[in-house]
Amino acid sequence: MSKKKVLIVVGTRPNFIKVTQFKKVAQNYPKLDIRIVHTSQHFSDEMSRLFFEELDLQPDYFLNLPEKLSPVPQMAEIMKGLHDLITITFKPDLMMVVGDVNSTLAGALVANKMNIPLAHLESGLRSFDNTMPEEHNRILTDKLAHYLFVTEEDALNNLKYEGIKEDKIFFVGNTMIDTLVAYRDKIHQSNILKELNIAPKTYALITLHRPNNVDTKEGLEKIISFLKLLDIRFSNSIKYFVFPIHPRTENNFKHFQLWESLMNIPSLILTKPQSYLNFQKLLMESILVITDSGGVQEETTYLNIPCITLRPSTERPITLWKGSNILLEFDENNIANHIHYLLNTTDKPSSIPPLWDGKATERVVAVLNDLLK
Ligand code: UDP
């Protein structure tokens, strides 16, 4: 029996986090041969290497891109690399792209040009902010996709509103949560709190890396001023602010000569980017999270940890109306007031969105198996 071949294209660590269970689940489907190609969009990133090691998983193929390419040559290299892989090594019956990065759109274009049916995992999310490059990647990929897998109801409605036929859309849930569930025991075993010498529920966790927040001197000065304010105002209730600093953010603080000022904030614990398991442990044991990440909004919703997202919009609205997330503008007094409210409320209004149950990958693979009959 010849197997039906599926090629999953991922380009970044956050997107790899969404596909960790696919090959395991595919073992229950003898007809399917699922392989993962990592385009290496962020291959130089230390976090990626750590991630593969600690989860004991490896992509089947790497494209080995030259480092630090700007978006157009990067997409061109990814497309060429995928073309060669598909022509020479593994010709899939279906390609699946993930998320909203340049590798997603590059993979979608290759599938289209090579006449390979295309599925999009994490389809239909919209921030309605056309200044975000990711928004264009999402919309264009969805236009090219034959099968659209969605994580939340808003995404389903967005796609319907855009005229995509309902029989192409599959509401399967969130595969990123599958990874959290699958590695729960390993996460609990992480020693990161001991290593940082902090106790559970004594600290807030911070991640900031979006260009809007960290690419200008003014933006970075705002972050320092805001952290100083929190340091003083919450000295009785939040002992530490743990900030695993993204390479982009660190480089910019150094470039604008603000690194020393950042390091001088007494309650701030600056660390390297954390491995996946350590970071999830830090999330679970935090009092609250301040972020501009996409994935962290979903993980805090699942874990019911209050999350303050410093962005004007989110493509993941379910984290606002069902989860523990709130969007705030970067106004330090307003953020401090909200933290004060969070520390003094006993309300726990957050709940887990439908189908964020650790079984989303199983649903996707069952659909793929049916489609490829
Ligand atoms: N993450 C991690 N270590 C860190 C910071 C984040 O493992 O130091 C994880 C986080 O839990 C989430 C993913 O990386 O699963 C999100 O990455 P990021 O915020 O860089 O990207 P985005 O989701 O905004 O694309």
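Residues numbered from 1 in each chain as written. Predicted model: local features only at pLDDT ≥ 70, side-chain atom pairs only at ≥ 80, totals over all residues. Heavy atoms only, no water.

Considering the sheet that holds strand E10 (residues 268–271)
What counts, and what does not: Think of it this way: DSSP has to see at least two bridges between two strands before they count as a pair. Numbering of helices and strands runs from the N terminus, with a helix taken as a DSSP run of H or I at least four residues long and a strand as a DSSP run of E at least two residues long. Note on method: axes are straight lines fitted to C-alpha atoms, helices fitted across the in-contact stretch only, with angles between N-to-C directions ranging 0 to 180 degrees. A contact between two residues is defined here by any heavy atoms of the two lying within 4.5 Å.
Here 6 strands make up an open sheet; going across it, the order is E10-E9-E8-E11-E12-E13 and the pairing parallel. What marks the edges here is a single partner per strand, and that holds for E10 and strand E13 (325–327). The average undirected angle you get between the axes of adjacent strands in this sheet is 20 degrees. For strand E12 (residues 307–309) and E13, the ladder comprises 3 bridges, and the chain directions are parallel. Bridging from a neighbouring strand, Ile308 pairs with Ile326 of E13. Packing of helix H12 (residues 217–233) onto the sheet brings it into contact with strand E8 (203–207), strand E9 (240–244), E10 and strand E11 (288–291), and relative to E9 it is tilted by some 150 degrees.

A few points about the nonpolar core
Using the following cut-off: By nonpolar core is meant a set of buried Ala, Val, Leu, Ile, Met, Phe, Trp, Tyr and Cys residues that side-chain atoms within 4.5 Å join together. Think of it in three bands: with a 1.4 Å probe and only protein chains considered, a residue is buried below 20% of the maximum accessible area for its type, exposed above 50%, and partly exposed in between.
In this structure, Ile8, Val19, Phe22, Met96 and Phe149 are the most contacted members of the largest nonpolar core, which totals 38 residues. Ranked by size, the runner-up nonpolar core spans 31 residues in total, among them Leu220, Leu227, Leu258 and Leu328.

Digging into the pairing of strand E6 (residues 147–150)
Quick note on the threshold: If you view a crossover with the strands going away from you and the path from the first strand over the helix to the second runs clockwise, you call it right-handed.
Where strand E5 (residues 118–121) lies against E6, 3 bridges are found, and the strand directions are parallel. When the sheet's bridge partners are listed, Leu121 is paired in E6 with Phe149. The parallel pair E5 and E6 is bridged by helix H6 (residues 133–144), and the resulting crossover is right-handed. Read from E6 through helix H7 (residues 153–161) to strand E7 (residues 169–171), the crossover connection turns out right-handed.

Limitation: the analysis is restricted to geometry and does not speak to function.
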